[in-house]
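Here are the chains, one letter per residue:
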Amino acid sequence: MPAPLRRGPQRWTNYHGTGSAQLADLVELANSPADAGRDVLRDVAQDVLALLQGAKAARIQVRPLGSGWSPSPICLVEGGWLVETRRLNRCFRLAPDDVAADHDASRLMLVQAGATVDEVNDSAHELGLSLTTCGASNGQTLAGAAATGTHGSVLTAGGIQDHIRALQVVTPSGIFWVEPLERVMRPEFVAATGSIILRDNDVFAACLVSIGVMGFVTAMVIECEPVYMVRNIQKRARLGRHHITQLAAGDFRGFSRELALDEDPYFAQVILNPFAPFAKDALLRFLYRRAYDATIPPPPRALVGAGYDALTLIAKAMAGLDLFRADVLQLAMRAGYAVQRDIDDPEAVATWGNTTEPHNPIANLFNGSVTLERADLERAFDPLIKAFVSGGGGTVITLRFMKRAAGLLAPARFADNVVIDFDGPRSDVSHRSYRAVVTRLDALGIRFTRHWGKTNDLDAARVSKDYGIHYTRFRAAQRRIMPDPGDLAVFGSDCLTHLGLI
Ligand SMILES: Cc1cc2nc3c(=O)[nH]c(=O)nc-3n(C[C@H](O)[C@H](O)[C@H](O)COP(=O)(O)OP(=O)(O)OC[C@H]3O[C@@H](n4cnc5c(N)ncnc54)[C@H](O)[C@@H]3O)c2cc1C
């Protein structure tokens, strides 16, 4: 198997240009050409083990890198080694002999850490499977997306990490197969991957949203569902205050009945203009589940894609503008949903994989979010909008909804969550407005969390307060997988120390 490529010292900038670091080395992991998944996992994990042991001996910090999409500095490691995983992108089917008796191998897939969501969607489709949920875009790696709790707006699901059933994790002291106490894979399979079994509910739950401080994830077993399709309705519409009440109460059926189909939506998302949330059109997106039909060709992306990247790009036009913000933002929103598909238009039906958008770098974007208990949307909405606009309000506001997600440090920690995203140009105005929202929510005594991968202004005290006992259990789980403090130190960085995660 080819050795990892050492690209040497250099300045590295993340994918969207929001942060950079001077690296001692940029390392590109190579993949194994072996046929069997278990052999591939063993070969790669041994490379990663050697790398981590070398780093520990030389007291160098190592940061595993997915697609580098996180705008927050969690991928940066000043003076350390950044280790790229993008070549580790193979997905494998599993056989009934590989899995424990009570698991259905036909729904499981073995996925290497660096496979992008797009690649996972394609492989799942080939196996007659679909992911249940994911984020709006598809360029993140599966391990990187899970590490920050990436989510979409599927009303009955949590985050992307909820698909994970087991992980292969490498530390400087060994190669571990992490599962919950209830076993997932047969011991013979695990042994063939060169891993030692570590069955521990909290270690598993910590690894699901690991923020890159639970070791180096090299592969995962994920559970999907039989392939399905969704019908997309995306349109501009004027909302009233009562719609916010409806959403806060979880009456998605009623919301959908008024604005789209009289049917339970699978996914519902609202993009609002904060300057005029009810006086100007909002952008709505509903997805409704449909049975898989192989004769339906994939429609053009604009008809089923997430309408996210375009919006963010165009919202850049707003940076530095003080006048007519509401109108400019509305223009950007119109461009973002240039193509509408209402209930009377010809149906746009596609697989889950076709509902996500391809990856393009977006220079200088701002994205931040807050996740609160869905019911709190009712009393938070008006003050939150007021606070945001008082800061200058440079971005659109998106409301997304999800169930509690798996993982001790999953931001979606309430039984029912509303995630409020602020996406737009990277400017002082956007950041100031986001800070005003955070301050206002605190003043109102409303509990909320923030996305690990987005701009979040978090620090150690706040992380510990937000996650409470789950933070304590996370730190204890870290010590169980890495009892030697020297091992944990390898995964350090300024940002992660600041967050109290190292
Ligand atoms: C355009 C855009 C759209 C987005 N859309 C959404 C969305 O719809 N929903 C949402 O929730 N978020 C969204 N995000 C945020 C994004 O999903 C997260 O930041 C995600 O973590 C990025 O994945 P990545 O593969 O680039 O990981 P990276 O940014 O490379 O890494 C994230 C963290 O994971 C760690 N890590 C990566 N790989 C490994 C590994 N193999 N082992 C251990 N640790 C690892 C890294 O060290 C780092 O700490 C979006 C971001 C952008 C820029």
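Just above sits the structure.
Residues numbered from 1 in each chain as written. Predicted model: local features only at pLDDT ≥ 70, side-chain atom pairs only at ≥ 80, totals over all residues. Heavy atoms only, no water.

Draft legend 1. Expanded view of the overall build of the protein. A tally of helices and strands in the protein yields 15 helices and 22 strands. Whereas a compact globule of 502 residues would reach a radius of gyration of roughly 23 Å, the protein reaches 22 Å, a difference of no more than 12%. Seen along its three principal axes, the alpha-carbon backbone of the protein occupies a region of about 60 × 50 × 40 Å. Per-residue burial over the protein gives 63% buried out of 502 residues. In the protein, the proportion of contacts linking residues at least 24 apart, taken out of those at least 6 apart, comes to 75%. Taken as a whole, the protein presents about 17,800 Å² of accessible surface, with 52% of it coming from carbon and sulfur. (Helix = DSSP H or I, 4+ residues; strand = E, 2+ residues; numbered from the N terminus. Rg over C-alpha atoms; globule rule 2.2 N^0.38 Å. Buried < 20%, exposed > 50% of the residue type's maximum accessible area, 1.4 Å probe, protein only. Contact = heavy atoms within 4.5 Å. Areas by Shrake-Rupley, 256 points an atom, 1.4 Å probe, with all protein chains shown as cover.)

Draft legend 2. Structural detail: the sheet that holds strand β4 (residues 25-28). Spatially, the four strands line up as an open sheet ordered β1-β4-β6-β5, and their pairing is mixed. Among the strands making up the open sheet, the edge pair consists of β1 (5-6) and β5 (62-65). Across two bridges, the pairing between β1 and β4 is antiparallel. By the bridge assignment, Arg6 is partnered in β4 with Val27. Of the strands in this sheet, β1, β4, β5 and β6 (81-84) are in contact with helix α1 (residues 37-57), which crosses β6 at around 175°. (Pairing = 2+ DSSP bridges. Axes fitted to C-alpha atoms, helices over the stretch in contact; angles between N-to-C directions.)

Draft legend 3. Focus on the sheet that holds strand β17 (residues 282-291). An order of β18-β15-β17-β16-β20-β21-β19-β22 is seen for the eight strands of this open sheet, with the pairing classed as antiparallel. Every other strand in the sheet has two partners, leaving β18 (349-351) and β22 (448-450) as the edge strands with one partner each. Recorded for the sheet is a direction-independent mean angle of 25° between the axes of neighbouring strands. Where strand β15 (residues 228-237) lies against β17, 10 bridges are found, and the strand directions are antiparallel. From the neighbouring strand, Tyr228 faces β17, where its bridge partner is Ala291.

Draft legend 4. Broad picture of the site of the ligand. Taken together, 36 residues sit near the ligand, with Arg63, Pro64, Ser70, Ala136 and Thr148 positioned nearest. With respect to the ligand, the backbone of Gly66 contributes an N or O atom lying 2.9 Å from an oxygen atom. Within the contact set of the ligand, an oxygen atom lies 3.3 Å away from a backbone nitrogen or oxygen of Ile74. In isolation the ligand offers 980 Å² of accessible surface; the protein chains occlude 100% of this area. For the shell around the ligand, the elements supplying multiple residues, two or more each, are β5, α3 (142-148) and β13 (216-223). Broken down by element, the residue count for the shell around the ligand peaks at five residues, all from α3. Within the shell around the ligand, the residues separate by chemical class into 15 nonpolar, 17 polar and four charged. (Near = heavy atom within 4 Å. Polar contact = N/O pair within 3.5 Å; in protein donor to acceptor, adjacent residues only side chain to side chain. Nonpolar A, V, L, I, M, F, W, Y, C, P; charged D, E, K, R; others polar.)

Draft legend 5. Representation of the environment of Ser106 within the structure. Checked against the element boundaries, Ser106 lands in the loop between β7 (91-93) and β8 (108-112). Sequence spacing of Ser106 and Val117 is 11 residues, and the spatial spacing of their C-alpha atoms is 20 Å. At 2.7 Å, the side chain of Ser106 forms a polar contact with the side chain of Asp104.

Draft legend 6. Region of the structure containing helix α2 (residues 117-126). Listed in full, the buried residues belonging to α2 are Val117, Val120, Asn121, Ser123 and Ala124. Two residues or fewer after α2 comes Gly128, characterised by a positive phi angle close to 75°.

Function-wise, these values are silent; they only describe arrangement.
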